[in-house]
Protein chains: 2
Amino acid sequence: MLEAVGALLLEAGYDGLTVDAVAERAGVHRTTVYRRWRDVGALLADVLDTASDDPWSPPDTGSLEGDLAALNQEVYEALAGGGPNLTTALIAAGFRSPEAAAALSRFWEDRYARCAVVVTRAAGRGELPGPADGRALLVAATAPLYHELLLVRAAPEPALPHRAARAAAAAARAGAFGTPR
Amino acid sequence: MLEAVGALLLEAGYDGLTVDAVAERAGVHRTTVYRRWRDVGALLADVLDTASDDPWSPPDTGSLEGDLAALNQEVYEALAGGGPNLTTALIAAGFRSPEAAAALSRFWEDRYARCAVVVTRAAGRGELPGPADGRALLVAATAPLYHELLLVRAAPEPALPHRAARAAAAAARAGAFGTPR
């Protein structure tokens, strides 16, 4: 059923996502859907929480800049593929449903927690001048991609993932994230 | 009438924004609204294009880091005030209406163009090691705020505006934005 939710979101957005449509797409009775989720917000939250069960871990390239660039490349490919993508559809849904918004927050926090190892490894290799706020570093690296592609809706620029990674790594080397929260 | 659009967006979001509601709020006949805008997307586009007519210019504090921090403080106050805000409502509307999305893109581009002077001034003061991609620098400084407050929906953290400014300025001083587009 969660696959049906993703397919519907991509095709018709949040407005096309109804319990009836999910039931039809998944080939189950609508009461089966209602038994598990009381509304569309709860359904969306479940899609996002399920995504947190995947075994994803951040790339390990041997350098901070390389890890951030590889991470950004994944984000870029998810957002800049042309045509509808599930990431954008879920973020758009977060502006419609408080439950989806809360699930999105949990999803992001889980991803940032998994990525903390990127900063720990960099510190271990001596790439940082001292303790760093890993979350701030990771947000600095990735935020420009979401900003340009999702909010500003600028034309996708293939140099963007690496440029944003390079800038965040340079700031980290300069000690700009030196005050852990 | 544009004020009525803003008030309605804040109160009821995109779904509450109908031509009838705008006419009632503005105290005009619905045909008056229809004569000027054929639909809600066109109305929203006009609100955003009108915002570009304001005399806003970026703060001038005497240093790159200071200018970016002051800029970020403005963004932070717009987004983190608690309760609904027009910036978030307009960005949410951009996920609903292609016309609002296009107008938002124009609005952002106009703001980044006006902010280019922040980078030019920094270069003039010798704060940068060489030519810099001003747009990339400005996005690096501001994107973490939109990311944390609008997408991740993290709890507003008063240190965020200055921390993001400090990181972008450090990256700029290290030459990380050295390849102008």
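What counts as what
- Residue numbering note: each chain is counted from 1, following its sequence as written.
- For naming, the first written chain is A and the first written ligand is 1, with later ones following in the order written.
- Per-residue local features of the predicted model are confined to residues with pLDDT of at least 70, and side-chain atom pairs are confined, for both listing and counting, to 80 or more; whole-chain, interface and lining totals are unaffected and use all residues.
- Neither water nor hydrogens contribute to the side-chain values; these are computed over all heavy atoms in the structure.
- UniProt positions are given in the numbering used here, feature names are shortened, and annotations may be inferred rather than shown by experiment.
- Secondary structure elements follow DSSP: runs of H or I no shorter than four residues count as helices, runs of E no shorter than two count as strands, and numbering proceeds from the N terminus.
- To sort residues, take the accessible area from a 1.4 Å probe on protein chains only and compare it with the maximum for the residue type: under 20% means buried, over 50% means exposed, and anything in between is partly exposed.
- Contacts between residues were defined by any pair of non-hydrogen atoms, one from each residue, lying within 4.5 Å.
- Only buried Ala, Val, Leu, Ile, Met, Phe, Trp, Tyr and Cys residues count toward a nonpolar core, and they belong to the same one when joined by side-chain atoms within 4.5 Å.
- A helix's residues, less one, multiplied by 1.5 Å, set its expected span.
- Whenever a nitrogen or oxygen atom comes within 3.5 Å of another N or O atom, the pair is scored as a polar contact, on the condition that within protein one atom can donate a hydrogen and the other can accept it, and that pairs from neighbouring residues in sequence are kept only if both atoms are in side chains.
- A side-chain nitrogen of Lys or Arg and a carboxyl oxygen of Asp or Glu constitute a salt bridge if their distance falls within 4 Å.
- A least-squares fit on C-alpha atoms brings the copies together, and the residues used are those whose pLDDT is at least 70 in both copies.
- As a working definition, buried area equals the accessible area (1.4 Å probe) given up by two parts on being put together, with both sides summed.

Notes on the UniProt feature "domain: HTH tetR-type" (unreviewed entry) in chain A
Move 1: According to UniProt, the feature "domain: HTH tetR-type" (unreviewed entry) maps to residues 1-55 of chain A in the numbering used here.
Move 2: Along residues 1-55 of chain A one finds 69% helix and 0% strand; the C-alpha atoms at either end are 21 Å apart.

So, the side chain of A:Ser105
Move 1: Checked against the element boundaries, A:Ser105 lands in helix H7 (residues 98-124).
Move 2: A relative accessible area of 13% means that A:Ser105 is categorised as buried.
Move 3: Residues contacting A:Ser105, with those up to four places away along its chain left out, are B:Val152 and B:Arg153.

With respect to the nonpolar core
Move 1: Counting residues in hydrophobic clusters, the biggest one holds 134 residues, and the most contacted among them are A:Leu68 and B:Leu68.
Move 2: Setting aside residues no more than four positions away along its own chain, B:Leu68 makes contact with B:Val118, B:Leu137, B:Leu138, B:Ala141, B:Ala165, B:Ala168 and B:Ala169.

Structural notes on helix H8 (residues 134-151) of chain A
Residues and elements named next belong to chain A.
Move 1: Along its 18 residues, H8 runs 24 Å from first to last C-alpha, staying within 8% of the 26 Å computed at 1.5 Å per residue.
Move 2: When you tally the buried positions in H8, you get 18 out of 18 residues, the bulk of the element.
Move 3: For H8, the N-terminal capping position is held by Asp133, with its side-chain oxygen 3.3 Å away from the main-chain nitrogen of Arg135.
Move 4: A positive backbone phi angle near 55° is found at Arg153, which sits one or two residues after H8.

Quick notes on the pattern of salt bridges
Move 1: Scanning the model with the defined rule gives 38 salt bridges over all chains in all.
Move 2: Of the charged contacts, one joins A:Arg25 and A:Glu11 as a salt bridge, the two residues approaching to 2.7 Å between their closest N and O atoms. In this pair, A:Arg25 sits in helix H2 (residues 19-26) while A:Glu11 sits in helix H1 (residues 2-12), placing the two residues 14 residues apart along the sequence.
Move 3: For A:Arg25, a relative accessible area of 38% translates into the label partly exposed.
Move 4: By relative accessible area, which is 56% here, A:Glu11 ends up exposed.
Move 5: Here A:Arg125 ties to A:Glu127 by a salt bridge, and the two come within 2.8 Å at their closest N and O atoms.
Move 6: According to the relative accessible area criterion, A:Arg125 is partly exposed, its value standing at 34%.
Move 7: Look at the salt bridges and you will find they share partners, linking A:Asp15, A:Arg96, B:Asp15 and B:Arg96 into a network.

Looking at the relation of the copies chain A and chain B
Move 1: Superposition record for chain A on chain B: RMSD 0.0 Å, screw rotation 180°, translation along axis 0.0 Å. In the structure described here, the two chain copies are related by an operation that fits a two-fold rotation axis. Among all residues of chain A, the minimum C-alpha distance to the rotation axis is found for A:Ala171, at 2.2 Å.
Move 2: The fraction of interface residues of chain A whose copies in chain B are also interface residues reaches 100%, indicating that both copies meet through the same surface.

What to know about the interface of chain A and chain B
Move 1: Residue-level contacts link 40 residues of chain A with 40 residues of chain B.
Move 2: With both sides pooled, the region where chain A packs onto chain B buries about 3300 Å², and carbon together with sulfur makes up 62% of that total.
Move 3: Together, A:Phe95, A:Leu151 and A:Arg153 form the three largest contributors to the area buried by chain A at its contact with chain B, with a combined 20%.
Move 4: Inspection of the region where chain A meets chain B yields 6 salt bridges.
Move 5: For A:Arg96, the salt bridge identified is with B:Asp15, shortest N-O distance 3.5 Å.
Move 6: Linking chain A to chain B there are 13 residue pairs in polar contact (both at pLDDT 80 or more).
Move 7: Mapped by element, the contributors of at least two residues to the side of chain A that touches chain B are helix H6 (86-94), H7, H8 and helix H9 (160-173) of chain A.
Move 8: No other element matches H8(A), which puts 12 residues into the side of chain A that touches chain B.

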